[in-house]
Amino acid sequence: FGPFKSEGEVVGIKVRFSAERACYIERTKRHESQTCTKQEDGALIWTIEAPLTEALVHWITSYGPHARVLEPAELRERVRAWAKGSYDAHC
């Protein structure tokens, strides 16, 4: 998936998607390293090895409360800052 490919340090990325979005995430391959692990509650842990990019941040934030970055902390902070900035711009 193009937006997740770029130059930079490759890191392990884990995102938890809600049960409501798990089926869609699981059936769509976005990166060659992608793995998906179903959780007992129906949620999904999506894992890839890729550089951190703005496109990745934007993609994760597009799922709103249905996506939560588990790793790495740097990506979680970038997603949080993007979401806060969006909120602040509209309130």
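Residues numbered from 1 in each chain as written. Predicted model: local features only at pLDDT ≥ 70, side-chain atom pairs only at ≥ 80, totals over all residues. Heavy atoms only, no water.

Draft legend 1. Up close: the pairing of strand β2 (residues 35–38). Where β2 meets strand β3 (residues 44–50), four bridges bridge the pair, whose relative direction is antiparallel. Residue pairing across strands places Lys38 opposite Leu44, the latter belonging to β3. (Pairing = 2+ DSSP bridges. Helix = DSSP H or I, 4+ residues; strand = E, 2+ residues; numbered from the N terminus.)

Draft legend 2. Representation of the packing of helix α2 (residues 54–61) against helix α3 (residues 73–90) in the model. Between α2 and α3, the least distance of the axes is 9 Å, while the angle of their chain directions is 65°. The two elements α2 and α3 meet at a crossing, and its hand is right-handed. Here α2 contributes Glu54, Leu56, Val57, His58, Ile60 and Thr61 to the contact with α3, which in turn contributes Leu75, Arg78, Val79 and Trp82. A breakdown of the residues in the contact of α2 with α3 according to their chemical character gives six nonpolar, two polar and two charged. (Axes fitted to C-alpha atoms, helices over the stretch in contact; angles between N-to-C directions. Left-handed = near helix turned anticlockwise from the far one by under 90°. Contact = heavy atoms within 4.5 Å. Nonpolar A, V, L, I, M, F, W, Y, C, P; charged D, E, K, R; others polar.)

Draft legend 3. Structural detail: the nonpolar core. Residues Ile13, Trp46, Ile60 and Leu75 are the most contacted members of the largest nonpolar core, which totals 20 residues. For this core, the secondary-structure elements that each account for two or more residues are β1 (11–17), α1 (19–27), β3, α2, β4 (67–71) and α3. Beyond its immediate stretch of four places on either side in the chain, Ile13 contacts Trp46, Thr47, Ile48, Ala50, Pro51, Leu52, Leu56, Glu71, Pro72 and Leu75. (Core = buried A, V, L, I, M, F, W, Y, C linked by side-chain atoms within 4.5 Å. Buried < 20%, exposed > 50% of the residue type's maximum accessible area, 1.4 Å probe, protein only.)

Draft legend 4. How the structure looks around unusual backbone geometry. Going from Glu71 to Pro72, the amide bond is cis rather than trans, its omega being -10°. If you trace the backbone, Pro72 turns up in the loop between β4 and α3.

Draft legend 5. Structural view of the sheet that holds β3. Pairing is antiparallel across the open sheet formed by four strands, whose spatial order is β2-β3-β1-β4. Two strands lie at the open edges of the sheet, namely β2 and β4, each paired on one side alone. Averaged over all adjacent pairs, the angle separating strand axes in this sheet is 25°, with direction ignored. Bridge count for β1 against β3 is seven bridges, and the pairing is antiparallel. Pairing of Val15 across the sheet is with Trp46, part of β3. Its contacts with the sheet place α2 against β1, β3 and β4, and it is angled at close to 15° to β1.

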